[in-house]
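# Geometric and topological summary
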Amino acid sequence: MSATIEKTSSLGTLDTLKRGLALSPELRRGLWVTLALAAVTTVGRIVVPFVVQQTTDHGLLGAGGPDPGLVVRYVLLALVAVAVTALTAYAVNVRLYRASEAGLATLRLKAFRHIHDLSMLTQNTERRGSMVSRVTSDVDTISMFVQFGGIILILSLGQIVVATVLMAVYSPLLTAVVWLCFVPLLVVIRRFQRIVGRAYTVVRERVGDLLAAVSESVVGAATIRAYGVESRTAERIDDAIEAHRAAAIRAQVRSVVAFSSGQLVAGLTLAVVLVVGTVLAAGGHMTLGELLAFLFLVNLFTQPVQQATEILNELQNAVAGWRRVIGIVDTPADVADPGDAGVTLPRGPISVTFEDVGFAYPGGEPVLHDVDLTIEPRSRIAIVGETGSGKSTLAKLLTRLMDPRDGRVLIDGTDLRDVRFSSLRERVVLVPQEGFLFDETLLENIRFGRPDATDEEVELALTELGLDQWLEGLPQGLRTEVGQRGESLSAGERQLVALARAYLADPDLLVLDEATSAVDPSTEVRLQRALEGLTRGRTSIAIAHRLSTAEAADEVVVVDRGRIVQRGPHRELVQQEGSVYAGLHASWAAQQRG
Amino acid sequence: MSVDAAPSLRRALRIVGVGIRRQPRWFAFAVAGSTVYGVMTVMTAWAIGKVTREQVQPAVEAGHATSAQLWTTFAWVAGVVLLNVVGVVIRRVAAGYTMFNVAAHYRREVTRQYLRLPLSWHHRHPSGQLLSNANADVEATWNVFAPLPMAIGVVVMLVAGIVQMVLVDPVMAVIGLTVFPLLFLANMVFQRAMSPRIARAQQLRAEVSEVAHESFEAALVVKAMGREEQEAERFEEVTRRLQAANVEVGRTRGTFDPVIEAIPTLGTLAVLAVGTYQVSRGALEPAAVVQVAYLISVLAFPVRALGWVLGEMPRTVVGWDRVDAVLKARGALEFGETSLPADDAAHAALTGVDYSYDVVDEQGDESPFQAIHDVTIDLPAGATVALVGPTGSGKTTLTNLSLRLVDPDGGAVRIDDVDLREVRRGGIPEVASLVPQQTFMFDDSVRGNITLGGDFSDDEVWGALATAQATGFVTELGDSLGTHVGERGASLSGGQRQRIALARAIIRAPRLLVLDDATSAVDPAVEQAILAGLRKATSGTTVLVVAYRMSTITLADEIVYVEGGRVLDHGSHDELLARCEGYARLVTAYAREAAERAAVEADEEGVTV
Ligand SMILES: Nc1ncnc2c1ncn2[C@@H]1O[C@H](COP(=O)(O)OP(=O)(O)OP(=O)(O)O)[C@@H](O)[C@H]1O
Ligand SMILES: Nc1ncnc2c1ncn2[C@@H]1O[C@H](COP(=O)(O)OP(=O)(O)OP(=O)(O)O)[C@@H](O)[C@H]1O
Ligand SMILES: [Mg+2]
Ligand SMILES: [Mg+2]
């Protein structure tokens, strides 16, 4: 069974935070300095109004009338304080932006890299647009919190402690009252955190769905237009947009409730303190002045509490984003590279052995049964069979895009699972049935097969394949931009590029899965000739519906309903009357006659 | 120097106005809530003062608090606080509605536009970037609605504060109000510095999305060639650039915020300094100075809220520009009014058609590349015409033209003598179906992929599947017609996908059926069966078929041979075989190859024997 990509990780808030910080070590780097600077800023924010207050009290309203000299000195002092506050605030901002952007970039990279490490089947459990959201907007969601939230949260906690101490100095009893008022809030907040967190998680998933829907509509643009199903497609997208809108508003409402409960408690605390304080003052336990001073301290206490409730919401939003990213990073890569422990194969012709291989796609019926097959080094094999018989599956097992459920696949006698990826991918190259070109030049696309190839080598490869004439006909030769997914080329031309790319990679085993199905017959025959000359000395396996390929191969392997039913040279197989191959070939021959 | 910045702020306000007009009610609610909040915030201090004077102080002096005094105290403070909270709830919830409703509206607009714009536009705009337009850019534009109601609501505080200041002492008020030109100046500098940086960041965001989308779509090829590292490097390159751009944005924002925060304090200090001087000259009462200074500090909060809005403005403008570029994109196909007849095989004709693609070179410059030159093809009603030609000769382009997926640059395409440009929206897909060369599957069930939401019974679906030779494998799928095929049909084999695409066309019983090499991924036996089925099913249909195999070609009443975007010859198979060299070379390639091989083998055998 292959792993499925988790929609969101199921980690709790704290674990998510921990894992998130571990994934982005930059977030913690230099944090102490930033915290210290932030503390200075906070102190500055308290000191500045204080100095202003002093200026008025002593300079302006001083006992001996206004004292301009003192005012000037105080104003200068205040200016210094303002400047220091602003400068440290700036420094804190910049440090936070630097650290958080670095951390988030790292997170993006890790997620991206891991997506490519996931096995093909695991990748197929999620839509591409949704994957894109995991490395884009999910990560962006985290940034708000890591830029400011985290640090404000820490400072708020500090301020709460300081305020509590100061309050206790004035009146331990009233301090107890304040805390009593806040205890229920803590309980409420805990509950709400979970609710808010879930709501934000839904928002993130909806963003993924939204992007997947948009992706489908732009990639499938031609089909949508040809069938005039724009309005149906628009409805599907609208559904995704609406689901996202509804989820976002739900999350907003929940977070507002959570936030205002903090505010409400803060206000009520003030009222309660005033009432209890009045009783205490009336009873002579404190003076009116002390009560008023205490009220000021209560404000110093409730303000960070309110701020913290707000930031906890932001935290939940970030955690929701993190959970999505962690969800993908923690999805096991089940077709894994053995890495340094693996075998590096020496260069040279490759042999392939299938030993009792069985395979079933997740949740499906078996598609391959007891496949036993040995392919000698240097042989040229054609695999033929009905559509859906399991040919591509065989090719994917052979190149270890998937691992067999039963049995083993060996190359040069080594189990594929023990071969290092770097060695495997260098020596075995598959041109898959669903090719893909990048939105770059022809040159870059072919060079994808061997990144260090020079322009001349690329050109030479095309010449060797007999494609030089085609190249000359292109508007900008090798510099022609192929467009998105290669769509500025014709379908046949795209296949030519994919083939040239694999050829340039110069593997010892070349596996072609319908690599020339869209190429015209005379080009195909020419290509085949060219490849024949060139693949001599290496092993090649070609899957094809056009039996011209089979006719040219050393040996033909016939797959039927997941089993190998015939194998041998074309000449022999056609003669086996009533056999699958004889039937296929009869149809093929009929087609040629028309 | 302000030439750029001022209009940009004005533009931002205009954009915000556009958004407000979308959701006037919710926005008004949000502002109302915010006003309540503003008033109640001022009231809180006032209420505490009031109860202290009227209730607490007498109680303390009396050495005894009556329960009436305590209740009154509690009720005043709690009441004000409660109203304050109500204001906050209304403001935030309504702001949320405003923001998400407007964003959803523009997401719909943008994605509708994607569906409207022609394929040539899509060729030029990477899919990943389009995702970013619909998501990140829309979000960037309307995020301003989060702080905006607050800023407008607290304007009440601002106005109240200013009025009081002026009442206290106009001269002092003027000094205090220098805060505003300062703010304006700071903002102007900020907008100028910020706009290009935000634009860059937003563009890079789109590029990150583009690389990710392309790379994930290419995942199989990346894996098959072991290029994961290389892809990671490519992604790292844009990601790091985005990182740097975001840090630049942060640095600018990080400069602006402390400045905005400091300005009110500077105002207060100025008032104190000048005020003290005035007082010492005897021109002013100290109390007046104190009051004005206090009022400025009260203004600090609304000013900060204003700062948040101003700080968001550059993002609004940049996001909007990016969204607007999509909304304003031209070139969507224009439709006429005419309906095509609904019955009987269609008569289609391409006359003197020219078509050029815009090709982009490495520098991004566009130049036309003429792929079709003066092509005339006649498809008489009920006829089957085969289009034959080498790779890249323009066959797919011609099929696209014949269904008006693109419009010709010269000449005309007609169905039943109606120029396709005059057909009403949706009129062509009703009568004509295309099975494209490259099948596209939706992330839907088998049934959904065939009906595409059309009104077809399951019997009809099975009927179409039968013609496409797909009954067998669909029956064996876990959930039969209800089986989900995965994104782009990932859980089907190539030939299976192609047969579903065939069924999709067949079920519509089109009057014109265009098959673009639609059996390339099926085996010869199935292909034969499909052709036989089609022959029966398409008696009332005109068929244009792109083909290489002779079996398909010989089904055709006429064959058109194209090369290099030109029709070189047309006629029957035998005629072309006899007189058209390119055609003969193409269709006999396999047979010649087989014959040659046989000869070589015979030779070898002859030698060995
Ligand atoms: N990712 C998948 N998940 C589930 N089932 C799959 C998947 N890929 C293929 N299958 C099923 O496995 C069977 C074999 O598919 P495979 O692609 O190997 O066929 P094939 O011989 O290559 O056919 P074709 O000639 O049409 O390419 C088919 O029935 C197909 O529906
Ligand atoms: N979007 C595009 N932009 C630029 N050039 C294009 C575009 N699409 C096709 N071309 C070019 O136009 C020419 C005709 O392409 P077309 O797809 O019509 O060929 P085709 O006959 O269908 O080929 P094939 O047999 O390979 O499918 C080719 O040279 C191709 O490179
Ligand atoms: Mg296959
Ligand atoms: Mg084509």
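Residues numbered from 1 in each chain as written. Chains lettered and ligands numbered in written order. Predicted model: local features only at pLDDT ≥ 70, side-chain atom pairs only at ≥ 80, totals over all residues. Heavy atoms only, no water.

Further remarks concern the site of ligand 2. Around ligand 2 sit 21 residues in total, of which Ser490(A), Gly492(A), Lys395(B), Thr396(B) and Thr397(B) are the nearest. Residue neighbours of ligand 2 fall on chains A and B, so the site bridges chains. One of the backbone nitrogen or oxygen atoms of Glu487(A) is found 3.5 Å away from a nitrogen atom of ligand 2. Considered on its own, ligand 2 offers 630 Å² of accessible surface; in the complex 94% of this is hidden by protein. Going through the elements one at a time, helix 16 (491-505) of chain A together with strand 1 (348-360), strand 2 (366-379) and helix 13 (395-402) of chain B are the ones with two or more residues in the shell around ligand 2. For the shell around ligand 2, the per-class residue count stands at seven nonpolar, 11 polar and three charged. (Near = heavy atom within 4 Å. Polar contact = N/O pair within 3.5 Å; in protein donor to acceptor, adjacent residues only side chain to side chain. Areas by Shrake-Rupley, 256 points an atom, 1.4 Å probe, with all protein chains shown as cover. Helix = DSSP H or I, 4+ residues; strand = E, 2+ residues; numbered from the N terminus. Nonpolar A, V, L, I, M, F, W, Y, C, P; charged D, E, K, R; others polar.)

In the vicinity of ligand 1 there are 20 residues, among which Ser392(A), Thr393(A), Ser493(B), Gly495(B) and Gln496(B) approach most closely. This site is not confined to one chain, since residues near ligand 1 come from chains A and B. Here Lys391(A) contributes a backbone N or O atom positioned 2.7 Å from an oxygen atom of ligand 1. For ligand 1, an oxygen atom lies 2.7 Å from a polar atom in the side chain of Ser493(B). Considering ligand 1 on its own, with 630 Å² of exposed area, one finds that the protein chains cover 88% of that surface.

As a further point, take the domain arrangement of chain B. All names here are of chain B. The domain architecture assigned to chain B consists of domain 1 (9-327) and domain 2 (348-596). The gap between the C-alpha centroids of domain 1 and domain 2 is 55 Å. Of the residues lining the interface, four residues belong to domain 1; the matching set on domain 2 comes to five residues. Summed over both partners, the interface of domain 1 with domain 2 comes to about 390 Å²; 48% of that surface belongs to carbon and sulfur atoms. Counting across the domain 1 and domain 2 interface gives two salt bridges. Across the pair Arg488 and Glu217 runs a salt bridge, and its minimum N-O distance is 3.3 Å. Within the side of domain 1 that touches domain 2, the residues separate by chemical class into one nonpolar, no polar and three charged. (Domains from an automatic or database assignment. Contact = heavy atoms within 4.5 Å. Buried area = accessible area lost by both parts, 1.4 Å probe. Salt bridge = Lys/Arg side-chain N within 4 Å of Asp/Glu carboxyl O.)

Okay, the interface of chain B and chain A next. Taken together, the 163 residues of chain B in the interface contact 167 residues of chain A. With both chains or domains summed, chain B and chain A bury close to 14800 Å², and 66% of this area falls on carbon and sulfur atoms. Among the residues of chain B in contact with chain A, Leu115(B), Phe216(B) and Tyr590(B) are the three that bury the most area, contributing 6% of the side total. One can count 14 salt bridges joining chain B with chain A. Residues Arg529(A) and Glu596(B) are paired through a salt bridge, measuring 3.7 Å at the closest nitrogen-oxygen approach. Counting the contacts that link chain B with chain A gives 45 residue pairs in polar contact (both at pLDDT 80 or more). Per-element tally for the side of chain B that touches chain A: the top contributor is helix 11 (residues 228-281) of chain B, with 31 residues. Tallied by class, the residues present in the side of chain B that touches chain A amount to 78 nonpolar, 45 polar and 40 charged.

Time to look at the coordination of the magnesium ion (ligand 4). Residues and elements named next belong to chain B. Within the protein, Thr396 (OG1) and Gln437 (OE1) serve as the donor atoms for the magnesium ion (ligand 4), at 1.8 to 2.2 Å. Note that Thr396 is positioned in helix 13 and Gln437 in the loop between strand 6 (432-435) and helix 15 (446-451), a separation of 41 residues in sequence. The class for Gln437 is buried, based on a relative accessible area of 17%. (Donors = N, O, S within 2.8 Å, 3.2 Å for Na, K, Ca; no water. Buried < 20%, exposed > 50% of the residue type's maximum accessible area, 1.4 Å probe, protein only.)

The subject of this paragraph is the pattern of salt bridges. Where charged atoms of side chains with opposite charge meet at close range, the side chains can pair. Tallied over the entire structure, the rule returns 68 salt bridges over all chains. In this structure, Glu229(B) engages Arg113(A) in a salt bridge whose closest nitrogen and oxygen atoms are separated by 2.8 Å. Residue Glu229(B) is found in helix 11, and its partner Arg113(A) is found in helix 3 (residues 68-117); the two belong to separate chains. With a shortest N-O distance of 2.3 Å, Arg112(B) and Asp238(A) are connected by a salt bridge. Here the residue Arg112(B) occupies a position in helix 3 (residues 67-116), and Asp238(A) occupies one in helix 9 (residues 230-282), the pair thus bridging two chains. Taken together, the shared-partner salt bridges connect Arg128(A), Arg485(A), Glu487(A), Glu217(B), Glu487(B) and Arg488(B) into one network.

All names here are of chain A. For chain A, the assigned domains read domain 1 (2-329) and domain 2 (352-593). Between domain 1 and domain 2, the residue contacts involve five residues of the former and seven residues of the latter. Taken together, both faces of the contact between domain 1 and domain 2 bury some 450 Å²; the carbon and sulfur share is 73%. On the surface where domain 1 and domain 2 come into contact, there are zero salt bridges. Our count for the contact surface shared by domain 1 and domain 2 stands at zero residue pairs in polar contact (both at pLDDT 80 or more). Of all elements in the fold, only helix 4 (120-123) and helix 7 (172-219) reach the threshold of two or more residues within the side of domain 1 that touches domain 2. Residues of the side of domain 1 that touches domain 2, tallied by class, amount to four nonpolar, one polar and no charged.

With that settled, the discussion passes to the coordination of the magnesium ion (ligand 3). All names here are of chain A. Around the magnesium ion (ligand 3), the protein contributes the donor atoms Ser392 (OG) and Gln433 (OE1), which lie 1.9 to 2.2 Å from the metal centre. Taken together, the residues span a long stretch of sequence, with Ser392 in helix 11 (residues 391-398) and Gln433 in the loop between strand 6 (428-431) and helix 13 (442-447) at a distance of 41 residues. Classification of Ser392 by relative accessible area gives buried; the value is 16%.

Our focus in this paragraph is the sheet that holds strand 7 (residues 512-516) of chain B. All names here are of chain B. Ordered by their spatial adjacency, six strands build an open sheet running 6-7-8-3-9-10, and the pairing between neighbours is mixed. Every other strand in the sheet has two partners, leaving strand 6 and strand 10 (566-571) as the edge strands with one partner each. On average, each strand axis in the sheet is inclined to that of its neighbour by 15°, with strand direction left out of account. Relative to strand 9 (residues 558-563), strand 3 (residues 384-388) runs parallel, the two sharing four bridges. Residue Val385 lies in a different strand from strand 9, and its bridge partner there is Glu558. (Pairing = 2+ DSSP bridges. Axes fitted to C-alpha atoms, helices over the stretch in contact; angles between N-to-C directions.)

As a further point, take a positive patch on the surface. All names here are of chain A. Judged by side-chain charge, Arg190, Arg191, Arg194 and Arg198 come together as a positively charged surface patch. Position of Arg194 relative to the elements: it lies in helix 7. Using a relative accessible area of 52% as the deciding quantity, one classes Arg194 as exposed. (Patch = residues over 30% accessible without salt bridge, like charges linked within 9 Å, V, L, I, M, F, W, Y side chains within 5 Å. Lys, Arg positive; Asp, Glu negative; His and termini not counted. Charge placed at Lys NZ, Arg CZ, Asp CG, Glu CD.)

Two faces make up the sheet, and in a regular strand the side chains alternate between them. Residues and elements named next belong to chain A. With five bridges joining them, strand 3 (residues 380-385) and strand 9 (residues 555-560) adopt parallel strand pairing. Each residue of the ladder has a partner; that of Gly385, found in strand 9, is Val559. Connecting strand 9 to the next strand, strand 10 (residues 563-568), in antiparallel fashion are two residues, including Arg561 with a positive phi near 45°.

Attention shifts here to helix 7 (residues 155-168) of chain B. An α-helical segment advances 3.6 residues per turn. Residues three or four places apart therefore align on the same side. Residues and elements named next belong to chain B. The end-to-end C-alpha separation of helix 7 is 20 Å, in line with the 20 Å expected for 14 residues at 1.5 Å each. The complete set of buried residues in helix 7 reads Met157, Leu158, Gly161 and Met165. Along helix 7, the residues classed as buried sweep out an arc of 100° about the axis, all on the same side. (Expected span 1.5 Å × (residues − 1). Arc of directions from axis to C-beta.)

Aromatic ring pairs are described here by two measures, namely the spacing of the ring centres and the angle between the planes. Evaluated as defined, the whole model comprises 22 aromatic pairs over all chains. Between Phe438(A) and Phe448(A) the ring centres are 4.8 Å apart and the planes differ by 40°, which places this aromatic pair in the tilted class. Linking Phe438(A) in the loop between strand 6 and helix 13 with Phe448(A) in the loop between helix 13 and helix 14 (455-464), this pair joins segments that are 10 residues apart in sequence. Classification of Phe438(A) as buried rests on a relative accessible area of 2%. Since its relative accessible area comes to 4%, Phe448(A) is described here as buried. Between the aromatic rings of Trp46(B) and Trp76(B), the centroid separation amounts to 5.8 Å while the plane-to-plane angle is 75°, which identifies the pairing as edge-to-face. Here Trp46(B), found in helix 2 (residues 24-62), pairs with Trp76(B), found in helix 3; they are 30 residues apart in sequence, far enough to count as distant. On the basis of relative accessibility, which here comes to 33%, the residue Trp76(B) falls in the partly exposed class. Grouping aromatic residues by their ring pairs yields a cluster made of Phe27(B), Tyr106(B), Trp142(B), Phe145(B) and Trp320(B). Cation over ring: Arg91(B) sits above Tyr37(B), and NZ or CZ is 5.1 Å from the ring centre. In this structure, Arg92(B) is placed above the aromatic ring of Phe259(A), and the distance from its NZ or CZ to the ring centre is 4.0 Å. (Phe/Tyr/Trp six-rings, centres within 6.5 Å; stacked < 30°, edge-to-face > 60°. Lys NZ or Arg CZ within 6 Å of the ring centre and 35° of its normal.)

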